[in-house]
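Spelled out from the first residue to the last, the chains are:
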Amino acid sequence: MRHTIALRGLGRRGFATVVDSGSKTKIASIEVPTAKTASISIVVPAGSRYEARSGTAAALAASAFKTTATSSSLRTVRDAELHGGVLSTTLGRETLTYTAEFLQGDEAKFLDILVQTAFNVHFPRHDYQEYVLPALQAAWAHHTHDPVSLALEQAHQLAFRSSPLANSVFSSHGPHLEELGVAAFSIRTALSGNATFIYRGPAGFDTSAFTSAFEAVQTRVQRVVEREMQAVGVSQLPEHLVALSKTTPTVFGGSNRIQSSHGPQTVFVGFAAAGAPTPALATVAASLSPASHLKWTAHASAFAEGVPTGVEIKQVYSPYSDAALLGFTIQGSSVSGVKEAAKTVVSKLKATKVKPDQLTLAKTKAKFALAQQLDTRDGAVSHIGSKLLAGATSVPTADALFSEIDSVNAATFDKAASTLLGAKPIYVAVGDTAELPWEDEIGL
C-alpha cells in the first residue's frame, strides 16, 4: 500500500512528495508550478565505493546512453535531439545519477530512455572500445593535469584507506577493466532493487509510471541472469552479481607529495570525521569557510585574514552517509606564498573557539549553504537521492533541517570541532615537491 509524505521547503520554488512503494525503490516528486521544463533523475548505489574492481563505476557512468537492449546509441542521441532534451550522468563516491531534462509533456519518452540506460545489461565491445575507453582516457588526463583533483583524490585515499570510500571516481583504464565487468556491475545494481526516481517539474505527472517502468526492466534483467545461469549450469547467483554490503569506514590521517608541472602550487590541509555528518559538523564547516561575502574583494572572511596576496584558499566539505572530509585547498604561483597561507590556515584551525556572536553567524552561514543546495536541481536530487537510498522513507523539510542547525549550541559545536581537529591531519602537496613545505613546517 502506498502512502505519500508531503515535504515543503525543499526548494523555495518547489513542493516535494515522497512515495513509499513498499520496496527498496523510492519515488520523489518536486513540484515547480511555473516551470516549462521538467527533469527525471534515477539515483542508484553505483558510486565508486560499491565497485568490485577499480574504475568500474567510472566506466559504467561513461557507458550511459550508449547501446541498450532496445536502442542504439545513435537512436538515443537522435531521440533526445528530436525532443530538445539533455541527458547527463553524475558520478560520486556513493551514487550514480542519470538525469534527463526536457520540455513538459515528454516525460514518457525520457523515462524510457533513462530506465533502459540505468539498468542496462547490454554492453557491446565496439561501444566500449570506441566510446567508453576514450572518455575514460580524457577524464583521466584532465584529472592528472588538475592539481586540486589530484590533491582531493589523494586526500580521500589517505583518510579512508581501509574502506571502499577511498576508491577513486576516475579510472586509469587499466587492462583489468573490460565491458563484462561493467555489465556485471550494472546487473548487480539492477538486481538489488535499490533505486530512487526523482521528478522535478510542473504538477500533474503520474509518478506511478516510475514503478511500472522499473518493475518491467528488473524482470527483464532477472530473466537474462536466469538464462545465463541455466546455460552454465549453476543454481545460485554468482558472487560477482551479489550487491556489496556497505562497511563503515575507519578514518585516518597521513601525508603525501605528488610531483606535477601542471597548474599552480597546491597543498591540501584537512581532517576526516567518522560517522554520519551532523548539524554541528556542518556548522563547524561554515564557521571555517574562507569564502568572501562581497564580490571583488579579497579575503573578506575573517578566516582568510593574513593570507598573502595572490594565494587562493577554498574550503572542501564532502559529507557522506557515514563519514566526512573537511579541509582546504591552498593554491598560488609561488611556493613561499602557499607556505605562508598554509601556516595561517593551520594557526586559525588551532584557535577554533566559538563566541556567541560567531556561533550565530556560523549557523546562519550553514543554513544559507543548505538552502542554496536545495534550491538547485542537482543539489536537491543529490540530497533526496542519498537520503532515500540510505533507507529513509521520508526526507526532512528545509525548515526541519534549519531547526536542527538552530539547535547547535556552544557545547555541541566545541565537541564537533575538537573531535574533528583532534584527529590526525591529512596533508597533500602537489607541484614542486622539492620546494613545497612539509606538514611539520606549517605547524601540523
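The residue numbers shown here count from 1 along each chain, following its written sequence. Two thresholds apply to this predicted model, a pLDDT of at least 70 for residue-level local features and 80 or more for giving and counting side-chain atom pairs, whereas whole-chain, interface and lining totals are computed over all residues. Note that water and hydrogens are dropped before the side-chain values are worked out from all heavy atoms of the structure.

Digging into the overall build of the chain
Comment: elements are numbered from the N terminus, with helices defined as DSSP H or I runs of at least four residues and strands as E runs of at least two. On a plain count of helices and strands, the chain comes out with 13 helices and 12 strands. Considering the chain as a whole, with its 444 residues, one finds that 50% of them fall into the buried category. Whether two residues are in contact is decided by their heavy atoms: any pair within 4.5 Å suffices. Of the contacts formed within the chain by residues at least 6 apart in sequence, a portion of 78% connects residues at least 24 apart. Summed over its atoms, the accessible surface of the chain is roughly 20,400 Å², and 54% of this surface lies on carbon and sulfur atoms. Each residue is placed in one exposure class: buried if its accessible area under a 1.4 Å probe, protein chains only, is under 20% of its type's maximum, exposed if it is over 50%, and partly exposed if it falls in between. Accessibility throughout is a Shrake-Rupley quantity obtained with a 1.4 Å probe, and a residue counts as covered only by protein chains that appear here.

Section: the side chain of Gln331
Tracing the backbone shows Gln331 in strand E11 (residues 323-332). By relative accessible area, which is 15% here, Gln331 ends up buried. Reaching out from Gln331, the side chain makes a polar contact with the side chain of Thr266 at a distance of 2.9 Å. Not counting residues up to four positions away in its chain, the partners in contact with Gln331 are Pro147, Val148, Pro264, Gln265, Thr266, Gly310, Val311, Glu312 and Val338. Counted as a polar contact is a pair of N or O atoms within 3.5 Å, where, for protein atoms, one must be capable of donating a hydrogen and the other of accepting one, and residues adjacent in sequence contribute only when both atoms are in side chains.

Some details on the pattern of salt bridges
The salt bridge criterion pairs a side-chain nitrogen of Lys or Arg with a carboxyl oxygen of Asp or Glu, the two atoms within 4 Å. Tallying each qualifying case throughout the model produces 10 salt bridges. Put simply, Asp79 and Arg75 hold a salt bridge, and the shortest N to O gap is 3.8 Å. Here the residue Asp79 and the residue Arg75 both occupy positions in helix H2 (residues 73-82), the gap between them amounting to 4 residues, near one helical turn. Classification of Arg75 by relative accessible area gives partly exposed; the value is 47%. Between Glu101 and Arg377 there is a salt bridge, with its nearest N and O atoms 2.8 Å apart. Of this pair, Glu101 sits in strand E6 (residues 96-103) while Arg377 sits in helix H11 (residues 377-389), and the two are 276 residues apart along the sequence. Overall, Glu101 belongs to the partly exposed group, its relative accessible area being 29%.

Some points on the pairing of strand E10 (residues 312-319)
Note on strand geometry: in a regular strand, side chains alternate between the two faces of the sheet. By the bridge criterion, 8 bridges tie E10 to E11 in an arrangement that is antiparallel. Following the sheet pairing, Lys314 is matched in E11 by Thr329. At least two DSSP bridges between two strands are needed for those strands to be called paired. Counted between consecutive antiparallel strands, the loop separating E10 from E11 contains 3 residues.

Here's the deal with the packing of aromatic side chains
Here is the rule: rings of Phe, Tyr and Trp (six-membered ring for Trp) pair when centre to centre is within 6.5 Å. Planes less than 30 degrees apart are stacked, more than 60 are edge-to-face, and the remainder are tilted. Per the stated rule, a full pass over the model turns up 6 aromatic pairs. Note on Phe65 and Tyr98: the rings are 6.4 Å apart at their centroids and 85° apart in plane angle, and the pair reads as edge-to-face. One end of the pair, Phe65, is in the loop between helix H1 (56-62) and H2; the other, Tyr98, is in strand E6, and 33 residues separate them in sequence. Accessibility expressed as a relative area gives 11% for Phe65, which makes it buried. Their ring planes at 20° and their centres at 5.3 Å tell us that Phe197 and Phe210 sit as a pair that is stacked. Pair noted here: Phe197 is in strand E7 (residues 196-201) and Phe210 is in helix H7 (residues 208-232), with a separation of 13 residues, a long-range link. As far as the burial class goes, Phe197 and Phe210 line up, both buried. Aromatic rings pair up to connect Phe119, Phe197, Phe210 and Phe214 into one cluster. For a lysine, the NZ atom is tested; for an arginine, the CZ atom; a charge sits over a ring if that atom is within 6 Å of the ring centre and within 35 degrees of the ring normal. Its guanidinium or amino end placed over the ring of Tyr50, Arg49 lies 6.0 Å from that ring's centre, counting from NZ or CZ.

Comments concerning helix H9 (residues 335-350)
Note that an α-helix has 3.6 residues per turn; residues three or four places apart therefore point the same way. Expected helix span is taken as 1.5 Å per residue step, with the number of steps being one fewer than the number of residues. Over its 16 residues, H9 extends 23 Å from the first C-alpha to the last, a length consistent with the 22 Å expected when each residue adds 1.5 Å. Turning to H9, its buried residues number three or more, namely Val335, Gly337, Val338, Ala341, Ala342, Thr344, Val345, Val346 and Leu349. Buried residues in H9 make contact with strand E9 (265-274), E10, E11 and helix H13 (410-421).

Here's the deal with the environment of Lys355
Looking at where Lys355 falls in the secondary structure, it is placed in the loop between H9 and helix H10 (356-374). On the accessibility criterion, Lys355 (54% relative accessible area) is exposed. For the pair formed by Lys355 and Ala410, sequence separation is 55 residues and the distance between their alpha carbons is 7.9 Å.

Details of helix H8 (residues 279-287)
Within H8, the full set of buried residues consists of Ala280, Leu281, Thr283, Val284, Ala285 and Ala286. The elements touched by buried residues of H8 are E9, E10, E11, H10, helix H12 (398-406) and H13.

Section: the environment of Ala392
With respect to the secondary-structure elements, Ala392 resides in the loop between H11 and H12. The exposure class assigned to Ala392 is partly exposed, which follows from its relative accessible area of 24%. As for Ala392 and Lys24, which are separated by 368 residues in sequence, their C-alpha atoms are 10.0 Å apart. What Ala392 contacts, discounting residues up to four positions off in sequence, is Lys26 and Lys387.

Regarding the confidence of the model for the chain
The predicted structure's coordinates, where accompanied by low pLDDT, should not be read in detail. Scored from 0 to 100, pLDDT records how confident the predictor is in each individual residue. On average, residues of the chain carry a pLDDT of 86, and 88% of them reach 70 or more. A low-confidence stretch, residues 1-15 (pLDDT under 50), is modelled with 51 contacts involving residues beyond four sequence positions or located in other chains.

Digging into the pairing of strand E4 (residues 37-44)
Of all 8 residues in E4, 7 are buried, a share of seventy percent or more. As judged from the 5 bridges shared by E4 and E7, these two strands associate in the antiparallel manner. Its bridge partner being in E7, Ser39 is matched across the sheet by Arg200.

Quick notes on the nonpolar core
We call a set of buried Ala, Val, Leu, Ile, Met, Phe, Trp, Tyr and Cys residues a nonpolar core when their side-chain atoms join them within 4.5 Å. By size, the foremost hydrophobic cluster in this structure holds 48 residues, and its most contacted members are Ile42, Val44, Leu60, Tyr98, Phe119, Leu136 and Phe197. In this structure Leu60 touches Ala46, Leu96, Tyr98, Phe123, Val182, Phe185 and Ser186, once residues within four positions along its chain are discounted.

Brief notes about the packing of H10 against H12
Every axis in this analysis is a line fitted to C-alpha atoms, fitted for helices over the stretch in contact. Angles between the N-to-C directions lie between 0 and 180 degrees. Where H10 contacts H12, the axes come no closer than 10 Å and their chain directions differ by 160°. Classified by the angle their axes make, H10 and H12 are roughly antiparallel. Regarding H10 and H12, the two cross each other, and that crossing is right-handed. Between H10, through Lys363, Ala366, Lys367, Leu370, Ala371 and Leu374, and H12, the contact on the second element is made entirely by Ala398, Leu401, Phe402, Ile405 and Asp406. Should an angle lie under 35 degrees it is considered roughly parallel, over 145 roughly antiparallel, and from 65 to 115 roughly perpendicular; all remaining angles are considered oblique. Crossing handedness: left-handed means the near helix sits turned counterclockwise from the far one by under a right angle, and right-handed means the same turn made clockwise.

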